[in-house]
Amino acid sequence: MRYFVITGHKAVSTADFKLDDIAGGAGRLDILVRCVNSAFFLSHNLRKDVEAYLVLEGGDDPPKTVIFRGDSLRYLNPDERSTSSLIRNALMKKVSPGEEVRSSPGVFVTKMSFNDVIDRLSEKGDFVYLKEDGVDCREYDFPENPVFVLGDNRDLTEEEEEYLLAHSPDRIRIGPHSLHADHCMIIVQNEVDRRECE
């Protein structure tokens with residue numbers, strides 16, 4: 001499996017946003033939406049071996065995490081509006097701490113924080129922190145079940161980074177330039193694909 005954890009530092013945690021204003025009124029939710037597309041889409045198919053965790057830290061009811069699971073995911077389309085709608089539908093569900101609620105096939109919502117997500121995934125794979133001072137991804141041997149962790153348009157906070165580093169992640173960089181989060185995801189997907197085909 002491949003796991004992605006993307007932190008939306010201002011992404012709203014409630015459903016009261018307009019689908020035509022996800023970059024502004026929804027706290028840069030557009031970045032997370034593009035990350036979902038990068039996590040799952042192939043040319044004519046969806047990746048089944050991927051889970052994406054969107055940690056929403058903004059709005060009136062943080063934290064919340066929306067989870068996309070490729071093995072059961074349905075109704076995901078390439079346009080940002082429909083993906084935003086799946087997220088908004090998830091945020092409409094009432095959820096209690098410790099509970100995970102399914103909003104549509106392959107889409108779930110929980111009250112998990114960044115730290116909660118890291119704790120859960122520590123039992124499922126090995127952490128790979130996408131960071132500009134890491135090892136070049138072309139010189140890196142990816143683990144069998146990588147858990148990729150990255151921020152949105154901001155780096156992880158000091159507290160988030162400290163918590164992640166306590167789990168001894170590997171640190172990799174994509175290349176010589178800073179890239180958008182969703183572009184980084186496509187590149188690491190491709191790198192893992194290449195190694196699996198060798």
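1. Some details on the nonpolar core
So, point 1. Leu29, Phe40 and Phe68 are the most contacted members of the largest nonpolar core, which totals 48 residues.
So, point 2. For this core, the element with the most residues is helix H1 (residues 29–40), which contributes eight residues.
So, point 3. Beyond its immediate chain neighbours, meaning those up to four positions away, phenylalanine 40 contacts Asn45, Leu46, Arg47, Val50, Glu51, Ala52, Phe68, Arg69, Gly70, Leu73 and Leu76.

2. A look at the pattern of salt bridges
So, point 1. Taken as a whole, this structure holds 16 salt bridges when the rule is applied.
So, point 2. Linking aspartate 61 and lysine 64 is a salt bridge whose minimum nitrogen-to-oxygen distance equals 3.1 Å.
So, point 3. A residue is classified by how much of its surface remains accessible, and aspartate 61, at 29% relative accessible area, is partly exposed.
So, point 4. Residue arginine 195 is joined to glutamate 191 by a salt bridge in which the shortest nitrogen-to-oxygen separation is 2.8 Å. Here the residue arginine 195 and the residue glutamate 191 both occupy positions in helix H5 (residues 181–197), the gap between them amounting to four residues, near one helical turn.
So, point 5. In the salt-bridge network here, residues are joined through shared partners; they are Arg2, Arg47, Asp49, Asp193 and Glu196.

3. Details of the packing of H1 against helix H2 (residues 80–91)
So, point 1. Contact pair H1 / H2: the axes reach a minimum separation of 9 Å and the direction vectors enclose 100 degrees. Comparing their axes, H2 and H1 come out roughly perpendicular. Here H1 contributes Leu29, Asp30, Val33, Arg34, Val36 and Asn37 to the contact with H2, which in turn contributes Glu80, Thr83, Ser84 and Ile87.
So, point 2. Its residues assigned to classes, the contact of H1 with H2 shows four nonpolar, three polar and three charged.

4. Some words on the sheet that holds strand S4 (residues 100–104)
So, point 1. Pairing in this open sheet of eight strands is mixed, and the strands run S4-S5-S3-S2-S1-S7-S6-S8 from one edge to the other. Two strands bound the open sheet, and with one partner strand each, they are S4 and strand S8 (170–173). Averaged over all pairs of adjacent strands, the angle between strand axes in this sheet comes to 30 degrees, irrespective of strand direction.
So, point 2. Relative to strand S2 (residues 50–58), strand S1 (residues 2–12) runs parallel, the two sharing eight bridges. Its bridge partner lying in S2, glycine 8 is registered against leucine 56.
So, point 3. Strands S1, S2, strand S6 (126–136), strand S7 (146–151) and S8 of the sheet are contacted by helix H4 (residues 158–165), whose axis makes an angle of about 115 degrees with S6.

5. Some thoughts on the side chain of serine 13
So, point 1. Within the element layout of this structure, serine 13 appears in the loop between S1 and H1.
So, point 2. For serine 13, a relative accessible area of 0% puts it in the buried group.
So, point 3. Only 2.7 Å separates the side chain of serine 13 from the backbone oxygen of glycine 58, close enough to count as a polar contact.
So, point 4. In contact with serine 13, not counting residues within four places along its chain, are Leu56, Gly58, Gly59, Asp60, Asp61, Pro62, Lys64 and Leu91.

6. Quick look at the pairing of S7
So, point 1. Among the six residues in S7, six count as buried, and that is most of the element.
So, point 2. With five bridges connecting them, S1 and S7 associate as parallel partners. Across the sheet, valine 5 pairs through a bridge with valine 149, a residue of S7.

About the cut-offs
Residues numbered from 1 in each chain as written. Predicted model: local features only at pLDDT ≥ 70, side-chain atom pairs only at ≥ 80, totals over all residues. Heavy atoms only, no water. Core = buried A, V, L, I, M, F, W, Y, C linked by side-chain atoms within 4.5 Å. Buried < 20%, exposed > 50% of the residue type's maximum accessible area, 1.4 Å probe, protein only. Helix = DSSP H or I, 4+ residues; strand = E, 2+ residues; numbered from the N terminus. Contact = heavy atoms within 4.5 Å. Salt bridge = Lys/Arg side-chain N within 4 Å of Asp/Glu carboxyl O. Axes fitted to C-alpha atoms, helices over the stretch in contact; angles between N-to-C directions. Parallel < 35°, antiparallel > 145°, perpendicular 65-115°, else oblique. Nonpolar A, V, L, I, M, F, W, Y, C, P; charged D, E, K, R; others polar. Pairing = 2+ DSSP bridges. Polar contact = N/O pair within 3.5 Å; in protein donor to acceptor, adjacent residues only side chain to side chain.

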